[in-house]
Amino acid sequence: MQQTLILLKPDCVQRRLIGNVIQRFEQKGLRLAGLKLVQSSKELAEKHYAVHKGKPFYDSLLSFLTSGPTVAMVWEGREAVAVCRNLMGVTDGAKAPPGTIRGDHALSVQNNLIHGSDSAENAALEIALWFKPDELVRSSMADGSWVG
Ligand code: IDP
Ligand code: MG
């Protein structure tokens, strides 16, 4: 069972798309293990996007992520990292295929609604950055044996 960190970025919250996006993860069969609304500090945004430090869009990206509330979530299930990345679509909303979250609702490269961890290793680091251990809930789903 794999876990991944999903952030609904400030544009997703402001555009009232939280429910739309959460429904997609639920319908896929993933299990929600953690959920909260966070006003990201500059320090948290810097740590989260440390890999992009020095890139031309870095400062703008930090301003964007700290510009309003973000929904932070942990979703889990079989191949959760790749499953979520596929549901999101590629980074550039203009290139993301229809049917994906970004493909259906984003046109921008920066304001692309959602973050998803890109590997199981990074997921573990990012989950620890955004959540305390006691904010994550272990449970099983009633339909677990059907969804697999
Ligand atoms: P990802 O979110 O699809 O994993 P990354 O390459 O990890 O994409 O970039 C992190 C975030 O930085 C993107 O989701 C997007 O918000 C922003 N970003 C990436 N590339 C650009 C760019 O070329 N211009 C502006 N913003 C960018
Ligand atoms: Mg990334």
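Scroll up to find the structure.
On a predicted model such as this, the values are computed, not experimentally measured, just so you know.

(A) Structural context of the site of ligand 1. Every residue near ligand 1 is listed here: K9, Y49, H52, F57, L61, R85, T91, R102, V109, Q110 and N112. The contact in question runs from an oxygen atom of ligand 1 to an N or O atom on the side chain of R102, over 3.1 Å. Here N112 contributes a side-chain N or O atom positioned 2.9 Å from an oxygen atom of ligand 1. Starting from 520 Å² of accessible surface for ligand 1 in isolation, the protein chains cover 75%. In terms of residue class, the shell around ligand 1 is made up of four nonpolar, four polar and three charged.

(B) Main features of the nonpolar core. Membership of the largest hydrophobic core comes to 20 residues, with the highest contact counts inside it found for I6, L8, F25 and I114. Among the elements of the structure, β1 (2-8), α1 (10-14), α2 (18-28), β3 (69-77) and α5 (80-88) are those that each provide at least two residues to this core. Looking at this core element by element, the count peaks at four residues for α5. Leave out the neighbours within four places in its chain, and F25 touches I6, L30, W75, C84, L87, I101 and I114. Formed by 17 residues, the second largest nonpolar core is a distinct cluster that contains L44, Y58, A72 and V74.

(C) Main features of unusual backbone geometry. Even without a glycine there, the phi angle at R16 is positive, about 60 degrees. Its location among the elements puts R16 in the loop between α1 and α2. Judged by its relative accessible area of 76%, R16 falls in the exposed class. Notably, L113 is not glycine yet its phi reads approximately 75 degrees, a positive angle. One can find L113 in the loop between α6 (101-105) and β4 (114-116).

(D) Seen up close, the environment of N122. Position of N122 among the secondary structure elements: in helix α7 (residues 120-130). Residue class for N122 comes out partly exposed when judged on its relative accessible area of 29%. Sequence separation of N122 and K132 is 10 residues, and the distance between their C-alpha atoms is 16 Å.

(E) Highlighting the pairing of β3. Summarising burial for β3: eight of the nine residues are buried, a large majority. One ladder, built from seven bridges, connects β1 with β3; its direction is antiparallel. Directly across from L5, in β3, lies its bridge partner V74. In this structure, strand β2 (residues 31-39) lies alongside β3, joined through eight bridges in antiparallel fashion. Looking across to β3, one finds that V38 is bridged to T70.

Criteria and cut-off values
- Position labels on residues start from 1 in each chain and follow its written sequence.
- Labels follow written order: the first chain is A, the first ligand is 1, and so on.
- Reporting of local features is limited, given that this is a predicted model, to residues whose pLDDT is at least 70; pairs of side-chain atoms are given and counted only at 80 or more, and all residues count toward the totals for whole chains, interfaces and linings.
- For side-chain calculations, the full set of non-hydrogen atoms in the structure is used, while hydrogens and water are omitted.
- Whether a residue is near a molecule or strand depends on its heavy atoms: it is near if one of them lies within 4 Å of it.
- Side-chain atoms alone can form a polar contact between residues adjacent in sequence; in general such a contact is a pair of N or O atoms within 3.5 Å, and within protein one must be able to donate a hydrogen while the other accepts it.
- We get accessible surface area from the Shrake-Rupley algorithm with a probe of 1.4 Å; when it comes to residues, only the shown protein chains can shield them.
- Polarity classes work like this: nonpolar for Ala, Val, Leu, Ile, Met, Phe, Trp, Tyr, Cys and Pro, charged for Asp, Glu, Lys and Arg, and polar for all others, with Gly in that last group.
- Side-chain atoms within 4.5 Å are what join buried Ala, Val, Leu, Ile, Met, Phe, Trp, Tyr and Cys residues into a set we call a nonpolar core.
- Burial here depends on accessible area, computed with a 1.4 Å probe over protein chains only, as a share of the maximum for the residue type. Under 20% is buried, over 50% is exposed, and the range in between is partly exposed.
- Each helix is a run of H or I in the DSSP string that is no shorter than four residues. Each strand is a run of E no shorter than two, and both are numbered from the N terminus.
- Two residues form a contact once any of their heavy atoms are found within 4.5 Å.
- Any two strands between which DSSP finds at least two bridges are classified as paired.

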